[in-house]
Amino acid sequence: MTQALYRKWRPQKWDEVAGQDHVTKTLRNAVAGGRIGHAYLFSGPRGTGKTSVARLLAKAANCLHETPAERPCNQCQYCLAVNKGSFLDLIEIDAASNNGVDDVRDLRDKINFSPNQGKYKIYIIDEVHMLSTQAFNALLKTLEEPPPHAIFILATTEINKIPATVLSRCQRHEFKRASVEAITLQLKEIANSEKIPADDEALTLIARQATGSFRDAISLLDQMASTGEKITLKNIHEILGTAASQNVLELVDSIQKSQPAEGLDHLHEALDAGTDSRVLARQIVEYLRALLLIKLGNPDQANLPRETLKQAAKHAGAFSARHILHMIREFNAAATDLRGGWQPALSLELALAGVMELPEEKQPVVLLQTSSTRATTRPTSQATTMPTSQTETMPTSQATNTPTSQATNPPTSQATNTPTSQAQDSPKPVHPPKEKPTLTAPKETDSDFTRLAKEWKKIKLAVKIVNRPLEAALNSCRPKELKNGILTLGCDNEFAMNLASKNDNVEVVTKAILDTLDMDLQIKCVISNARQDTPADIKQDGMVAEALKVGGKITDIQD
Amino acid sequence: MIEENWGLLGHDWAVNMLRRHIQEDAVRHAYLFTGPPGVGRRSLALRFAQALNCPQPPAPGEACRACRTCTQIEAMQYPDLSILQAEHEGGTLKVEQIRAIQHGLSLKPYQGRYRVAIFLRFQEANPNAANALLKTLEEAPAHVVLVVMADNPDQLLPTIVSRCEGLRLRSLPVERVQTFIQSRGTDPDSARLLAHLSGGRPGYALRLKDDPHGLELRTRWLDELHGILSSNRIRRFAYAEKLTRDKEETRQVLELWGSYWRDVMLFSSGSSIDLTNIDRMQEIESLGKMIDLSRARRLVMDIENGIDRLDKNVNARLLLEVLLLDWPFVGSERK
């Protein structure tokens, strides 16, 4: 049997460690300055170089090269011994199999002996998250104050399982997932020196498949190379079941045209060509995610090839953001569906049938509206006032637009208004108010109240210009109830209530509401208790209200 | 053609790859075969074991499939072949079993060149068992080849998957399974039905072929499905009570019904994809015309969720009652 490529290509020098500059730089400087710590903890996803860097550090600590900055030299006898795996003072422990407290006690007994050959005795404890609680605790004292000749390097993929007492005793270095570019570069180098014929695109695909792990990427390359043929996109698709994205595009096309039959045909075309159903689902989700990103105005993040991008832009235009979200949810469910199942395609078919109908959800629409109103309130708050009735008419027109197009250019919309001049006037609608709403027969609906609650901030802003202390008081009041043209304000404390219910002040608030929402309302203030709100129809200073204030409960009301 | 392919139907690329590994003496120490049940994972693994151990191969990377070694392996009675699985389908593979096999693997092969260990349905291994295998999977002794099998890699620990060389076996085209079954002496019509029922899994189709009782049950259950559609609530409740007395049977019925409703869904979408229950085309067509896509989808979903919940041990009778209530009424409702 031959040695696996990923073991053969373990980095032997600092420069060969790819994609982890933030770690290697620190460690190199520590070695160069002779300031190597006594305990390190390396964490990060699988295949990012934790064990490799741990060995490098071990090598550098004991290297015999004269200038510390050049260590490890890979020439002195110790370096060579480490490379061969025969260095006596490098002790690598697999914590997954030696996870008991007795193993740690054994380590503690031996650590006091001075190193056999080198300057330091180095303990690399791999998969350290598997140690039992007792084992961790038994290690604590040694980890805090090891003998001067000992260095600990702990490595783990699951940092969340490490006790805080261990974390605080180590220098922590986090390894990042490698980027696709970094992995591709590495693969190219390996392919060149191993004389493995490979297409560039194929290597990129391998890198993408590896999801940030060098080891996965290199073993995949190894596997592809073992077929003996040139590595091409086609070969990889065959072995990994990753389809060409053409099928995904066609699938989305038929969703757009609402043609389930055609969509199912495309689905099965892809599956018959050898795509794994889960992989296909993931690809669809990835593409839909790209659509969403384009929709939200960030096509650079979408990471699509140029020829696909054009099509994607077209698709993004054809769907609403809500529809895309719905599709992502459906197909994502198919991608994460773990059931093996008698028919692997079923979850995809269900997802496809599911995206043909857009569920009658009110929620996302409201969400969109609030996000768009938020986009407009931001400039308002900056300019203190804005023509308020304008914001009222806007949401409807905005809901059809994408929220981001708004969010990205609030400064321009703001620039057209001159905030200062308006700040002096009392807020005045730009559009003529339709008609004064009739006082006699006010018809409130729930939506009136929600509108009011939503625009409450704006109303407060309008109040603020006229009467600052009142606005402060209103901060501890909120609309509670809207009934028969009377708005009940729930106040947190008596002070706020007294201030808000002063005649002049009530007028100010009424006017603000009129200007903002075109609603003419009477205002009534009550104290609302955190535990139990005082109902509006109870006398505010009576016995019942008092009882409620101290925590009483209304269980029954009798006339 | 099948003969050149280690006597296997389909999976040519996998056979070629394994053969090349043997020829180039680059056999990996751990493989992971994934694919739907009945697709041929175990057969491939056994042929691989034969090719590895056959004392007089006709060509490098081939097995004679006639010598004592080969026949023993085929019968799974070869001393250097260990097969490990949960005690029954749906059971759990325990850590003791792994430990026992680890000891055996550390010994030199008794007869052949390699000790081969095959782990069937490894998704059934409990976490301790899976973890216990990790070290062996990573650094197996030189004379050991491990073959792990699962329905799909996502069911296993990622650490297991990344230590193996993965081969993903796919369902075959239905036509190929049909000709294969036909060549085994079945008349074309039933061969066609078996191939469709198997969804392109030759092993499953063969099993069905030799199981007339299973086919009978299937017919009965599908007839009952139609009976339910035309009966009122009281009868449906009565049926639910009757059926759910046996949980395993309930599960099988639900799976069958799921495939049936899927056919209805596919038909009502207007797609031309091969249906599963082709002997019931007429019924499916008339149902598919009655029900629109979203309704059919909901019915399939309900059954899928139902199976899921059944595994989580909900009250089967309640589950089935709710399920049947949502089914459409077809035909004249009899009181």
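Since the structure is predicted, the reported quantities are computational estimates derived from the model, not experimental observations. (Residues numbered from 1 in each chain as written. Chains lettered and ligands numbered in written order. Predicted model: local features only at pLDDT ≥ 70, side-chain atom pairs only at ≥ 80, totals over all residues.)

1. Overview of the overall build of chain B
Per the secondary structure count, chain B includes 15 helices and 5 strands. Counting over 335 residues, chain B shows a buried share of 43%. Pairs at least 24 residues apart make up 70% of the contacts formed inside chain B by residues separated by at least 6 positions. (Helix = DSSP H or I, 4+ residues; strand = E, 2+ residues; numbered from the N terminus. Buried ≥ 20, exposed ≤ 12 C-beta atoms within 10 Å, placed from the backbone. Contact = placed C-beta atoms within 7 Å.)

2. Considerations on the overall build of chain A
Looking only at helices and strands, one finds 29 helices and 8 strands in chain A. For chain A, the residues scored as buried account for 38% of the 559 residues in total. Contacts in chain A between residues far apart in sequence, at least 24 positions, make up 73% of those at least 6 positions apart.

3. Details of the nonpolar core
A general feature of soluble globular proteins is that nonpolar side chains tend to end up buried together. I284(A), L288(A), L291(A), F331(A), W261(B) and V264(B) are the most contacted members of the largest nonpolar core, which totals 57 residues. Those residues in contact with L291(A), other than ones at most four positions away along the chain, are A312(A), H315(A), A316(A), F319(A) and I324(A). (Core = buried A, V, L, I, M, F, W, Y, C linked by C-beta atoms within 7 Å.)

4. A closer look at the interface of chain B and chain A
At the interface, 35 residues of chain B touch 31 residues of chain A. The dominant element in the side of chain B that touches chain A, judged by the number of residues it contributes, is helix α12 (residues 247-269) of chain B, at 6 residues.

5. Notes on the environment of V506(A)
Residues and elements named next belong to chain A. Mapped onto the elements, V506 comes out in helix α28 (residues 503-517). Linking V506 and Q522, residues 16 residues apart in sequence, is a C-alpha distance of 8.3 Å. Contact partners of V506, with chain neighbours within four places excluded, come to S501 and I523.

6. Let's talk about the pairing of strand β4 (residues 144-150) of chain B
Residue and element names in this part refer to chain B. Within β4, 7 of the 7 residues are buried, leaving the element largely enclosed by the surrounding structure. With burial as the criterion, each face of β4 is covered, one bearing V144, L146, V148 and A150 and the other bearing V145, V147 and M149. Sheet topology note: the strand β1 (residues 30-34)/β4 ladder contains 5 bridges and is parallel. Residue pairing for β4: A30 is matched across the bridge by L146. Bridge count between strand β3 (residues 115-119) and β4: 5 bridges; the pairing is parallel. For V116, the partnering residue across the bridge sits in β4 and is V145. Viewed along the sheet, the connection from β3 through helix α5 (residues 127-138) into β4 turns out right-handed. (Pairing = 2+ DSSP bridges. Right-handed = clockwise from strand over helix to strand, strands pointing away.)

7. Description of the sheet that holds strand β5 (residues 171-174) of chain A
Each strand in a sheet pairs with another by means of backbone hydrogen bonds, the pair being arranged parallel or else antiparallel. Residue and element names in this part refer to chain A. Strand order in this open sheet of 5 strands is β2-β3-β4-β1-β5, and the pairing throughout is parallel. Strands with a single pairing partner mark the edges of an open sheet, and in this sheet they are β2 (90-94) and β5. Strand-to-strand, the axes of this sheet are offset by a mean angle of 15°, without reference to chain direction. Bridge count for β2 against strand β3 (residues 121-126) is 5 bridges, and the pairing is parallel. Residue pairing across strands places I91 opposite Y123, the latter belonging to β3. (Axes fitted to C-alpha atoms, helices over the stretch in contact; angles between N-to-C directions.)

8. Side note on the packing of helix α12 (residues 246-256) of chain A against helix α14 (residues 277-295) of chain A
Residue and element names in this part refer to chain A. Contact geometry for α12 and α14: axes closest at 10 Å, N-to-C directions at 65°. By the angle between their axes, α12 is roughly perpendicular relative to α14. α14 is crossed by α12, and the crossing has right-handed handedness. Two secondary-structure elements touch here, α12 through V248, L251 and V252 and α14 through Q283, I284 and Y287. Taken together, the residues of the contact of α12 with α14 sort by class into 5 nonpolar, 1 polar and no charged. (Parallel < 35°, antiparallel > 145°, perpendicular 65-115°, else oblique. Left-handed = near helix turned anticlockwise from the far one by under 90°. Nonpolar A, V, L, I, M, F, W, Y, C, P; charged D, E, K, R; others polar.)

9. With respect to helix α6 (residues 133-144) of chain A
Residue and element names in this part refer to chain A. The terminal C-alpha atoms of α6, which comprises 12 residues, lie 17 Å apart, in line with the 16 Å expected from a rise of 1.5 Å per residue. Among the residues making up α6, those that are buried are A135, F136, A138, L139 and L143. Down the axis, α6 shows its buried residues gathered within 165° of arc, on one side only. Opposite the packed face of α6, turned more than 90 degrees from it, sit the exposed residues T133 and K141. Check the buried side of α6 and you find it contacts β1 (39-43), α5 (101-111), β4 (150-156) and α7 (164-167). (Expected span 1.5 Å × (residues − 1). Arc of directions from axis to C-beta.)

10. Side note on α28(A)
All names here are of chain A. Between its first and last C-alpha, α28 extends 21 Å over 15 residues, near the 21 Å set by a 1.5 Å rise per residue. Taken as a whole, α28 has its buried residues at N505, V508, V509, A512, I513, D515, T516 and L517. Within α28, the buried residues cover an arc of 165° as seen down the axis, which keeps them to one side. Exposed residues pointing more than 90 degrees away from the buried face of α28 are listed as N503, D504 and E507. One or two residues past the end of α28 sits D518, with phi positive at roughly 65°.

11. Examining the sheet that holds strand β6 (residues 477-483) of chain A
Residues and elements named next belong to chain A. Taken in spatial order, the 3 strands line up as β6-β7-β8 in an open sheet, and their pairing is mixed. Bordering the open sheet on either side are β6 and β8 (522-527), each of which pairs with just one other strand. This sheet shows a mean twist of 30° between the axes of neighbouring strands, independent of strand direction. Two elements, strand β7 (residues 486-491) and β8, share 6 bridges in a ladder whose sense is parallel. Note that in β8 the partner of T488 across the bridge is K524.

12. Digging into the packing of helix α1 (residues 12-23) of chain B against helix α2 (residues 41-53) of chain B
Residue and element names in this part refer to chain B. Contact geometry of α1 with α2 gives a least axis separation of 11 Å together with a crossing angle of 25°. Accordingly, the angle class assigned to the pair α1 and α2 is roughly parallel. When you trace α1 past α2, the crossing you get is right-handed. Packed against α1, whose contacting residues are A14, L18, R19 and I22, the element α2 presents L44, F48, A51 and L52 at the interface. Here the residues of the contact of α1 with α2 sort into 7 nonpolar, no polar and 1 charged.

13. What about the confidence of the model for chain B?
Scored by pLDDT, chain B has a mean of 87; 98% of the residues are at 70 or more. If you check the scores for this complex, the pTM reads 0.63 and the ipTM reads 0.82. (pLDDT = per-residue confidence, 0-100.)

14. Observations concerning the confidence of the model for chain A
Residues and elements named next belong to chain A. Overall, the prediction assigns chain A a mean pLDDT of 77, with 78% of residues at 70 or greater. pLDDT under 50 marks residues 362-430. Its contacts with residues more than four places away, or in other chains, come to 79 contacts. Predicted confidence for residues 432-442 stays below pLDDT 50, and this span has 10 contacts to residues more than four positions away or in other chains.

15. Remarks on the environment of M149(B)
Residues and elements named next belong to chain B. Within the secondary structure, M149 sits in strand β4. By the C-beta count within 10 Å, which is 24 here, M149 ends up buried. Those residues within four positions of M149 in sequence are excluded, and the remaining contacts are F33, R41, F119, L120, R121 and F122.

16. Here we look at unusual backbone geometry
In the segment running from R71(A) into P72(A), the intervening peptide bond is cis, with an omega of -5°. A positive phi is found at H11(B), a non-glycine position, where the angle reads about 55°. Mapped onto the secondary structure, H11(B) falls in the segment before α1. The class for H11(B) is buried, based on 25 C-beta atoms found within 10 Å. At R65(B), a residue that is not glycine, the phi angle is positive and equals roughly 55°. Counting through the fold element by element, R65(B) comes out in the loop between α2 and α3 (68-74).

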